[in-house]
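# Survey of secondary and tertiary structure
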Amino acid sequence: MKRILAVSILGLLSLCFTSSGFGQSLGNAGTIEGNVLDPSGAAVPKAFVIIHNAISGYNQTAVTASDGSFRLVNIPPNPYHLEVKATGFDAFTQDIDVRSAVPVQMKATLALAGSKTSINVEAAGADMVELDPSAHSDVDRTLIVKIPAIDPAGGLAQAITYATGGVAADANGIFHPTGDHSQTSFVVDGQPISDQQSKVFSTQLPNSAIQSMEIVTGSPDAEFGDKSSLIANITTRSGLGVGRVFGNLDATYGSFGSPGGSAALGFGNARVGNFLTVDGIRSGRFLDTPEFTPFHDKGNGETIFDRFDFQPNGQNVFHLNLFAARNWLQIPNDYDQLGQDQHQRVLTWSIAPGFQHTFSSHMLLTINPYIRKDQVNYYPSRDFFADTPATQSQFRQLLNYGVKADLAVAVGRHDLKFGMDLKQTRLREDFGFGVTDDTYNPVCVDANGTAAGPDTVVDPAACDKLGLTANPNFSPGLLPFDLTRGGSLFAFHATHNINQYAFYVEDSIKAGNFHFKLGFRGERYDGISTDNGFEPRLGVAYNIKKTGTVLRAAYSRTLETPFNENLLLSSLTGVGGLDLNVFGANPVPIKPGQRNQFNTGLQQAIGRYLLADADYYWKYTQNGFDYSVLLNTTIVFPIAWHNSKLDGVTGKISTTNLKGFQAYYTFGHNRARYFPPETGGLVPPSGLLGGVFRIDHDQAFQSTGVFRYQHKTAEWVAFTWRYDSGLVVSGIPDSDAALALSPNQQATLGLSCGSNVATYGNGGLSPDICGNSPILSKLITLPQAGQENDDHNPDRVKPRHVFNLGIGTDNLFHKEGHTRVTASVDIANLTNKVALYNFLSTFSGTHFLQPRTVVARIGLVF
C-alpha cells in the first residue's frame, strides 16, 4: 500500500510538472466569469465588475476585455453582491453564490443610462443569509490585519479565536474548538494540514499571507477528515490578475524588547502572478509563562511564504505554494526553576504544487499534491540537575506527503464532487528523561505525607523498617529513571509510518428554498493501530425568504485520528502511562476515535444591517483524545480516554459596514465530559482515573466583541472585548491540594486563609497555619475540601474580561495613489489584568495571560 501511495503521488506530480506550467490549485476558492453586453448584444469593454460581501468585507474588481469578457478568481466561498459599471449605462446588479471551485458563469446585459429610475447596490437583509447546512464564520484580510491581538508567531491562532464563538482560548496559540482539545484541520489553498499548528509544535502561516478564511465549526463535508471539530479553509494572497506591482514594508517594536518586521511583494497579470511575504519577530516574552512576570522567555520566529500562479488559458490553472519557517525559544521558568536553561527549536517547510483543469462550464478537476515537514529539537540544561523536578530532551520529526484530488461536476440542481485523499506521515521520535528531584517520586513518606528516608531506599516494603509509610502515590514505572536513586536516563528511539487512504463523494442539491448536502467518506487508517471509517454526512437547510431566516440540521459520522506528535512513545506506555507500567510491558496503541455528531442551528437577518447565527452541537466519541503535558515544558504526549461526550452552542451577531463602522459579537458554551480509563502518556492525569470528569477545555461561556470604525480609507480604531468564564483546573482539585503546593506556587496562585497570605518568601501556608479558615485564591475558584466534584463542581480558573485597543491609519499623509504610509499602535490587555489560562493542568500546564503589551507599527504600502 505504501508503494501505491508513492506511485499515485509521483504520477500526479508528473501531471502537474509536465504540463505547460506548475503551481498550486485554488483549492475551494471559486471563480466568476462571463461577459458584459449592451442592449444590442455587443460587447462592452472597460466595464468595471465588482463583487462584495457585506459581512466579511471581501471585495474584488475586474475590468472587461475588448470582447466584454471578465474573470474574477481566488474567491472565498460565500454569497456576493455583484455590480457592473460602465460609462453611458445604468449599473447592473446581481446576487451570486460561490460554493465550489466550479466557475460560475454569468452574462450581464446593461441598460442605457437613464432607463432605470433607481439602483440598490446594497444587499437586502434576506440576501445576507447563507443557505448552508453547516455553521461557519467568514473572515477577510480587512479584519485580520486590524485585530489588536498580540501573540509573537501566533497570529493565525489569534485570528481564529477572535472570529468564532466555538473556541475556548488557551496558551501559546492553542485553542479548543467546540469542546475538543485541538481537533482542527487547516486547508491552505487546497493543501490539508491536520497536525498541530501551535507555535510550540510547528510554525503557523503568517497573517500577512492570508486573504480570507472560512472557519467551519458545524458538520464537516465528506471531503474533510482526520480532525473535524474546526476546519479553517484558508485562501492565500495572490498576484494573479492584479495588473500591477504591489506590496508593503512594515517595522514594529513593542513591549518586552520586541522588534519585528514584514515585507511583501506581489505582481501579476491575467496569465502569471506571484506573491511573496517575509516576516520576523523577536520577543522577550515569546511564550505564555508560568508566572505573570516572564523569566527566561526570549524567542524569535521567521517565516517566508511564496505563491506562484500560472494561467495559460481559460481551462488550466497551475499553482505553487512554498513555505519555510523557524522558531527558536527559551522554555519559561517559574520561581522554583530559575536555574533552568531549557530551550527549543522548530523548523517547518512545505512544498505544495497543484493543478486545475476546466473541462467545461460544468466540470472541474483539481489535484493538490504536497509534502511538508516539522522538526522539533528540545534541549535540556547543560547540567541535568539544574532541571527540576526532571530533565528531558527530544528530537522529533514529522514528514507528511500526499495528494488530494477531486472532480467537481455541476448537473442541474446537483453539484457533485468525487475525490480521494491519500497520504503518508513518517514519524521519528528520540526522547530522553530522568527524575532529578528526590521528592518528586518518593518511595517513603512521613506521617505528614512529606518525602522522607534515604535515597538508597527503592522498595516500598522497606519503609516500615525505617518507621515510615510507603508512598501511596509512588509511581513504580519512574523508578528506573530516577537519577537521585541510582537510575539512568530513559532513552527512547522509534520510527514508524502512518498511511491513510480516503475516498469521498458528495452532492449539494438546491431545490427551491431547500439545500441538501449528501455525502459519504470511506477511509482507512493504517499506523501503529488500524481502523476503518464508514462515514455518512447528511445536512439540510431551508430558507424562509419572507423573514430572512435559514434553518439547518446535519449529521456526520467521522473517524478522528490520533495526534501524531509523540504518538510512538505514548502508544508503548499502556493504561495509566509510564508512571504505572514497566516500559513496553503492556503496550496499548492509541487508536482512532469513532464519532457521531449532530448539529442544528439557524441564521437570521435583522433588517438590512444585522445578521445573527447560532448553532447547537452534540458529539459522542468512542476513544476521545487529549494531550498530557510533561511537567513545565512544551513536550506533550497524546492520550486517549474510553469515550467523550461534548455538547454546546456557538453563535455570532454581525453588522454590515455602517458608514465606516462594523462590529460583531461571538459567543459559545462548551461542555466536555470524558470517561476513563486513560491510555498513553508519560505521567497519568492525577485524580482523574476514577470516573467521569470535566476536562480542561470545558468552559461554561466565552465571548468576543470586535468593534471597528474607519474614516474613509485612512484613520481607524479597533476595540475588542474578550470574556472567558474559566477552564477547568485539573491539577489542583480543591483546597487540600492547594496547601500541598510549594510556597512559591501558593504565592503565584494568590493563596490566603484568614489573615495569612502566601508570599514568595514566607514559607507558604499549611493546614496548621490555616486551621478551619477557608482557603482562597485570587486566580482559581478553589472548592474547599470535600466540596469538589470532577463532573459537577470542578475547580476552574476565575472569570476574566480582557480588553484590547488598536488605533491607526492606512494613509498617514492622505496621499492619492497606491503608495501610502501606514501607522498604528496596538495595546493588548489594556487594563493589565492578572489572569490564568490554567494552573498545573495535567493537559496543558501553567500559563498566565500576557501582561499589558504595546506594539507600534510603521509601514509603507505600494
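The structure this text deals with has already been given above.
Description of the structure in this document. Predicted model only: the values in this text are computed from it and were never measured.

### Thoughts on empty space enclosed by the protein
Scanning all chains against the criterion turns up 16 cavities of 30 Å³ or more. Taken together, 28 residues line the largest cavity, and the ones lying closest to its centre are Q158, Y162, Y837, L849 and Q850. Among the secondary structure elements, those contributing two or more residues to the lining of the largest cavity are α4 (155-163), β37 (715-724) and β41 (800-809). For the lining of the largest cavity, the element with the most residues is α4, which contributes 4 residues. Of the residues that constitute the lining of the largest cavity, the class distribution is 13 nonpolar, 7 polar and 8 charged. For the second largest cavity, the calculated volume is near 210 Å³. Lining the second largest cavity are 23 residues, with N172, T633, T634, S844 and H847 positioned closest to its centre.

### Concerning the state of the cysteines
Evaluated as defined, the whole model comprises 2 disulfides. Note on cysteine connectivity: C444 is disulfide-linked to C463, with sulfurs 1.9 Å apart. Taking the torsion about the S-S bond as the criterion, the C444 to C463 disulfide, at about -85°, is left-handed. Of this pair, C444 sits in strand β24 (residues 444-445) while C463 sits in the loop between β25 (451-452) and β26 (469-470); the two residues are 19 residues apart in sequence, bridging distant segments of the chain. You'll find C444 and C463 in the same group, each marked buried. Look at the protein and number its bonded cysteines as they come in the sequence; the links are 1-2, 3-4.

### Here we look at the side chain of N670
Mapped onto the secondary structure, N670 falls in strand β34 (residues 661-679). You can call N670 buried: its relative accessible area is 0%. Engagement of the side chain of N670 in a polar contact is seen with the side chain of Q702, the distance being 3.4 Å. Leave out the neighbours within four places in its chain, and N670 touches G166, A168, T178, G179, Y617, D647, H697, D698, Q699, A700 and Q702.

### Here's the deal with the pairing of strand β22 (residues 390-411)
Most of β22 is tucked away, with 17 of its 22 residues classed as buried. Note: strand β21 (residues 363-379) against β22, 16 bridges, orientation antiparallel. In the strand pairing of β22, Q375 is matched with Q397. The hairpin formed by β22 and strand β23 (residues 414-435) contains 2 residues between the paired strands, and G412 there has a positive phi angle of roughly 60°.

### Some remarks on the sheet that holds strand β5 (residues 78-85)
In space, the 4 strands of this open sheet follow the order β3-β2-β5-β6, with antiparallel pairing throughout. The open sheet has two edge strands with one neighbour each: β3 (59-63) and β6 (92-98). Here the strands of the sheet are splayed against their neighbours by 20° on average, with no regard to which way each runs. The pairing of strand β2 (residues 48-52) with β5 spans 5 bridges and is antiparallel. Across the sheet, residue F48 finds its bridge partner in β5, namely K85.

### Some details on the environment of Y616
Tracing the sequence through the fold places Y616 in strand β32 (residues 610-629). When the C-alpha atoms of Y616 and H818 are compared, they prove to be 45 Å apart, with 202 residues separating the residues in sequence. Ignoring anything within four residues of it in the chain, the contact list for Y616 reads F598, N599, T600, D647, G648 and V649.

### What to know about the pattern of salt bridges
This structure, assessed with the given rule, holds 34 salt bridges. Between K619 and D180 there is a salt bridge, and its shortest N-O distance comes to 3.5 Å. Of this pair, K619 sits in strand β32 while D180 sits in the loop between β10 (175-177) and β11 (184-188), and the two are 439 residues apart along the sequence. Here K619 and D180 have matching classes, each one buried. R372 is paired through a salt bridge with D374; the nearest N and O atoms lie 3.1 Å apart. With relative accessibility at 3%, the residue R372 sits in the buried group.

### Details of the side chain of S777
Locating S777 in the fold gives a position in the loop between β40 (775-776) and β41. Look at S777 and you get buried, because its relative accessible area is 6%. Only 3.3 Å separates the side chain of S777 from the backbone nitrogen of I780, close enough to count as a polar contact. Setting aside anything within four residues of it in sequence, one finds S777 in contact with L749, G750, L751, L782 and K798.

### Considering the sheet that holds strand β13 (residues 210-216)
Picture the strands of a sheet paired through backbone hydrogen bonds; they go either parallel or antiparallel. In spatial order, the strands read β8-β13-β14-β11-β12; together these 5 strands make up an open sheet with mixed pairing. The outermost strands of the open sheet, each flanked by one partner alone, are β8 (136-140) and β12 (191-193). Strand-to-strand twist of the sheet, defined as the mean angle between neighbouring strand axes without regard to direction, takes the value 15°. Contacts from α4 reach β8, β11, β13 and β14 (230-236) within the one sheet, and its direction differs from that of β13 by about 50°.

### Brief notes about the environment of Y501
In this fold, Y501 is placed in strand β27 (residues 490-511). Judged by relative accessible area, Y501 falls into the buried class, the value being 9%. Remark: the alpha-carbon pair of Y501 and D526, spanning 25 residues in sequence, is separated by 8.6 Å.

### Focus: the pairing of β11
Within a regular beta strand, the side chains point alternately toward one face of the sheet and then the other, so they alternate between its two faces. For β11, the tally of buried residues reaches 5 of 5 residues, placing the bulk of the element in the interior. Sheet topology places β11 next to β14; 5 bridges connect them, and they run parallel. Residue pairing in the sheet places V187 in a bridge with N233 of β14. Sheet topology note: the β11/β12 ladder contains 3 bridges and is antiparallel. Within β12, the residue paired with F186 across the bridge is I193. If you look at the hairpin formed by β11 and β12, you'll find 2 residues sitting between the two strands, and D189 has a positive phi there, around 50°.

Rules used in this analysis
Residues numbered from 1 in each chain as written. Predicted model: local features only at pLDDT ≥ 70, side-chain atom pairs only at ≥ 80, totals over all residues. Heavy atoms only, no water. 1 Å grid on protein atoms, 1.4 Å probe; cavity = no way out; pocket = protein on both sides within 12 Å on 5 of 7 lines; lining within 4 Å. Points joined across faces, edges and corners; volume = space filled by probe spheres on them. Helix = DSSP H or I, 4+ residues; strand = E, 2+ residues; numbered from the N terminus. Nonpolar A, V, L, I, M, F, W, Y, C, P; charged D, E, K, R; others polar. Disulfide = S-S within 2.5 Å. Buried < 20%, exposed > 50% of the residue type's maximum accessible area, 1.4 Å probe, protein only. Polar contact = N/O pair within 3.5 Å; in protein donor to acceptor, adjacent residues only side chain to side chain. Contact = heavy atoms within 4.5 Å. Pairing = 2+ DSSP bridges. Axes fitted to C-alpha atoms, helices over the stretch in contact; angles between N-to-C directions. Salt bridge = Lys/Arg side-chain N within 4 Å of Asp/Glu carboxyl O.

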